[in-house]
Amino acid sequence: LKDYSQDEIMRAMSNYSKILRSDRHYFSYRWSITEFLIRGFEKFRLWDIADNNYRNHEAEKSEIKF
């Protein structure tokens, strides 16, 4: 984590929080802060990647109305 700024760490935590609270994403595992920094930081560092990786695409397909 020495390679990242405080803002980058806070942004990753914010991305993680958004995905946890979202109905559009399937990720629901809650980590402690230590676990997040060790296991989750890289997964949630960039919003576009995290959003795409954890979006529930199947649920979105069922929402499409013709």
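Residues numbered from 1 in each chain as written. Predicted model: local features only at pLDDT ≥ 70, side-chain atom pairs only at ≥ 80, totals over all residues. Heavy atoms only, no water.

(A) View of the overall build of the protein chain. Looking only at helices and strands, the protein chain features four helices and zero strands. Counting the 66 residues in the protein chain, one finds 27% classified as buried. For the protein chain, the proportion of contacts with a sequence separation of at least 24, taken over those separated by at least 6, is 58%. For the protein chain, the accessible area works out to roughly 5200 Å², and carbon and sulfur atoms hold 50% of it. (Helix = DSSP H or I, 4+ residues; strand = E, 2+ residues; numbered from the N terminus. Buried < 20%, exposed > 50% of the residue type's maximum accessible area, 1.4 Å probe, protein only. Contact = heavy atoms within 4.5 Å. Areas by Shrake-Rupley, 256 points an atom, 1.4 Å probe, with all protein chains shown as cover.)

(B) Main features of the confidence of the model for the protein chain. Overall, the prediction assigns the protein chain a mean pLDDT of 89, with 86% of residues at 70 or greater. Within the protein chain, the element-level pLDDT minimum falls on helix α4 (residues 57-63), averaging 62, and the maximum on helix α1 (residues 6-21), averaging 97. (pLDDT = per-residue confidence, 0-100.)

(C) Structural view of the packing of aromatic side chains. Applying the stated criterion to the full structure yields 14 aromatic pairs. Residues Tyr16 and Trp31 carry aromatic rings whose centres are separated by 5.6 Å and whose planes lie at 20° to one another, so their mutual orientation is stacked. Of the two residues, Tyr16 is situated in helix α1 and Trp31 in the loop between α1 and α2 (33-44); the sequence distance between them amounts to 15 residues. Here the two residues Tyr16 and Trp31 agree in accessibility, since each one is buried. Taken together through their ring pairs, the aromatic side chains of Tyr16, Tyr26, Phe27, Tyr29, Trp31, Phe36, Phe44 and Tyr54 make up a single cluster. One cation-aromatic arrangement involves Lys18 over Trp47; the distance from NZ or CZ to the ring centre is 5.4 Å. (Phe/Tyr/Trp six-rings, centres within 6.5 Å; stacked < 30°, edge-to-face > 60°. Lys NZ or Arg CZ within 6 Å of the ring centre and 35° of its normal.)

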